[in-house]
Amino acid sequence: MLYPRPLEALLYELEKLPGVGPKSAQRLAFALLRRDAQQNDDLAGAIRDVKAKIRPCENCGNYTDVEICDICASPKRENGLLCVVAEARDVLAIENSNEFFGRYHVLGGLFNPLEGVGPEQLKISEMIGRLGPEHVEEVILALSPTVEGETTGSLVARALEKHGVKVTQLARGLPFGGDLDYADQVTIAGALRGRRELG
Amino acid sequence: MPRTAASVPFATRAVVLRARPLGEKDRILTLFSPERGKFSAVARGARSPKGKLAATAQPFVLARFALATGRSLDIVTQAQIETMHPHIAGNVLKTSWASFASECADHAPEGVADEHGFAVLEVFLDALDNSPDFSAIEAAGVWFQSQWLAHSGYAPTIGFCVVCERKIEADEELWFGPLAGGTLCRNCRGTQNSPERVSSDSMRALYRLERSRRPPASLADAPFSLSERAQGELARSVERALLVHADGRFRSLGTLQDARAVAHLEGNSSLS
Ligand SMILES: [Zn+2]
Ligand SMILES: [Zn+2]
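Only a predicted model underlies this, so the values are computations on that prediction, with no experimental measurement involved. (Residues numbered from 1 in each chain as written. Chains lettered and ligands numbered in written order. Predicted model: local features only at pLDDT ≥ 70, side-chain atom pairs only at ≥ 80, totals over all residues. Heavy atoms only, no water.)

Peer 1: Help me get a handle on the interface of chain B and chain A, residues and values and all.
Peer 2: Each side of the interface is counted separately: chain B has 32 residues, and chain A has 25 residues. Summed over both partners, the interface of chain B with chain A buries about 2500 Å², with 56% contributed by carbon and sulfur atoms. The interface formed by chain B and chain A includes five salt bridges. Notably, a salt bridge pairs A:Glu115 with B:Arg18, separated by 2.9 Å at the nearest N-O pair. Seen at the junction of chain B and chain A, the total is ten residue pairs in polar contact (both at pLDDT 80 or more). Elements with a contribution of two residues or more to the side of chain B that touches chain A: strand S1 (10-22), helix H1 (92-106) and helix H6 (253-266) of chain B. With six residues, H1(B) is the single largest residue contributor to the side of chain B that touches chain A. In the side of chain B that touches chain A, the residues fall into eleven nonpolar, twelve polar and nine charged. (Contact = heavy atoms within 4.5 Å. Buried area = accessible area lost by both parts, 1.4 Å probe. Salt bridge = Lys/Arg side-chain N within 4 Å of Asp/Glu carboxyl O. Polar contact = N/O pair within 3.5 Å; in protein donor to acceptor, adjacent residues only side chain to side chain. Helix = DSSP H or I, 4+ residues; strand = E, 2+ residues; numbered from the N terminus. Nonpolar A, V, L, I, M, F, W, Y, C, P; charged D, E, K, R; others polar.)

Quick look at the structure:
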């Protein structure tokens, strides 16, 4: 069945979103059609804003709408404790565990030669640059327990070798192969508590 | 998953070449098996830490897969891991080599049986996993490259000049031409693009590697006993020959070259 062109365009765009199949795209599109114009304008505005105003924190790479994110700027955060994650969305997963009160460093990906991601593509030297000024004593590697995550972990650990900081890794509460941002809060909290020093 | 009349279940041993996220919870695997060669299959729920297929749906895993033919893609219904090659993950040099090998296999045409290709890949991943140091990793890597070159139908001609077909004597100077596909004599070297002057030691080693069923533990020790310099000639010759025939399309090559250079400088890869 053929839809009028504007509806067809909306369905086409919605279906590109993660987790949205043809059925849910239809449901969403018809729901949007039933709402008032103002509500839809607000939604469209929010979608535009998120791309225009959100950017990586210049210190840690977390999402922010200012130069330095709230976590980096907060005096309540523990100095000396740095949690290294692959992507900005992982910050959220760890924040939700309510178990970590230090600061973060977002690498911007995981070591993956097949996708052309080598050490140069990851923000490792930026992390090294933070050690002194922020008096970092412990770096926690919070990376997915996957081939990419483990190899990235040893890359980061090797870069930290000469800097005299303690390097720890999330405990193996997380089974091999799963992605970090899909672990639940309790599992992440447990893995943080049980973190082990890398030998 | 609903069973449809059209679904034909099948089972095969296969190596996971790649495992990319698919939607929220799944991964799409590129598999390489003796019977089917390269093919793709969906591992449902594999991104979730609780997913039954999470550990299987990782690169370089060798497993026995049960699959069902889906509407557009095959679907993994069950998997039994033979080995995860546990010493590859966490090691930058080994992961770089395994990625490069995966990419070679990934260049194979879809769905064409390839028992020999699978055997080479299986032996290589096993050797890589068990390599204790840098020289063992290098030996395994160069073995894989020479094997894959021959497997792809480009086994270099060694000992004869590829251009004039004359036998090159033991005391003669010789060159290697990657595009020409083998050794060149002094007279013919000018007819080829960027031939490299090589020693007969390195070329003999190449000839021997191609005919060995397993990688040697080291290229420096007997029976190869190659000098540092001859190892370099060998490594460059094989890699250049492989690149010529693959039109240089290797995404993982840059990372591999960097990792090899770093490990070479350190004299040893830090095996963590
Ligand atoms: Zn920040
Ligand atoms: Zn000749």
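The rest of the description comes next.
Peer 1: Tell me about the packing of helix H3 (residues 134-151) of chain B against helix H5 (residues 228-245) of chain B, and please be specific about residues and values.
Peer 2: Residues and elements named next belong to chain B. Where H3 meets H5, the closest approach of the two axes is 9 Å, and the angle between their N-to-C directions is 40 degrees. The orientation of H3 with respect to H5, classified from their angle, is oblique. For the pair H3 and H5, the sense of crossing is left-handed. Across the interface between the two elements, Val142, Gln145, Ser146, Trp148 and Leu149 of H3 pack against Leu234, Ala235, Val238, Glu239, Ala241, Leu242 and His245 of H5. Residue composition of the contact of H3 with H5, by class: eight nonpolar, three polar and one charged. (Axes fitted to C-alpha atoms, helices over the stretch in contact; angles between N-to-C directions. Parallel < 35°, antiparallel > 145°, perpendicular 65-115°, else oblique. Left-handed = near helix turned anticlockwise from the far one by under 90°.)

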